[in-house]
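Okay, here's what each chain looks like letter by letter:
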Amino acid sequence: NMMWVLVAAFIFNGQPSVLSDQKIYFELDKCQDAVVKRRQILEATRPDYMKDAVYWVWCTQIPQEV
């Protein structure tokens, strides 16, 4: 059973930052839906001082224990 997590990475003023929405998704489709929504929220709420920030949002699989 695969598990997925949403990850967002930012570069702002040369400083990287990584965050997650703190949810585990058991279906990739649901995670990808969350990615679309997160991108929309980030664009809609981006403050002026962060207009030059670069960011990526994606889903990544949580590795299974070997």
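Look a little higher up for the structure.
The structure presented is a predicted model; accordingly, all values stated were derived computationally and were not measured. (Residues numbered from 1 in each chain as written. Predicted model: local features only at pLDDT ≥ 70, side-chain atom pairs only at ≥ 80, totals over all residues. Heavy atoms only, no water.)

### Re the pattern of salt bridges
Where charged atoms from two side chains of opposite charge approach closely, those side chains can pair. For the record, the criterion: Salt bridges are defined by distance alone: a side-chain nitrogen of Lys or Arg within 4 Å of a carboxyl oxygen of Asp or Glu. Exposure categories follow from relative accessible area, calculated using a 1.4 Å probe and restricted to protein chains: below 20% of the type maximum is buried, above 50% is exposed, and the middle band is partly exposed.
Within this structure, the stated rule accounts for two salt bridges. In this structure, E27 engages K30 in a salt bridge whose closest nitrogen and oxygen atoms are separated by 3.4 Å. On the basis of relative accessibility, which here comes to 43%, the residue E27 falls in the partly exposed class. For K30, a relative accessible area of 48% translates into the label partly exposed.

### A look at the side chain of D21
Note the cut-off: Here a strand is any run of E in DSSP of at least two residues, a helix any run of H or I of at least four, and the numbering for each starts at the N terminus. Counted as positive: Lys and Arg. Counted as negative: Asp and Glu. His and the chain ends are not counted at all. Here a polar contact is taken to be a pair of N or O atoms separated by no more than 3.5 Å, where protein atoms must pair a possible hydrogen donor with a possible acceptor and residues adjacent in sequence count only if both atoms sit in side chains. Here a residue-residue contact requires only that any non-hydrogen atoms of the pair lie within 4.5 Å.
Here D21 shows up in the loop between β2 (15-20) and α1 (28-45). No salt bridge is formed by the buried D21. Its closest oppositely charged neighbour is R38, at 5.0 Å. At 3.2 Å, the side chain of D21 forms a polar contact with the backbone nitrogen of K23. For D21, the side chain forms a polar contact with the side chain of Y25, separated by 2.5 Å. With residues up to four places along the chain from it excluded, the contact list for D21 reads L6, A34 and R38.

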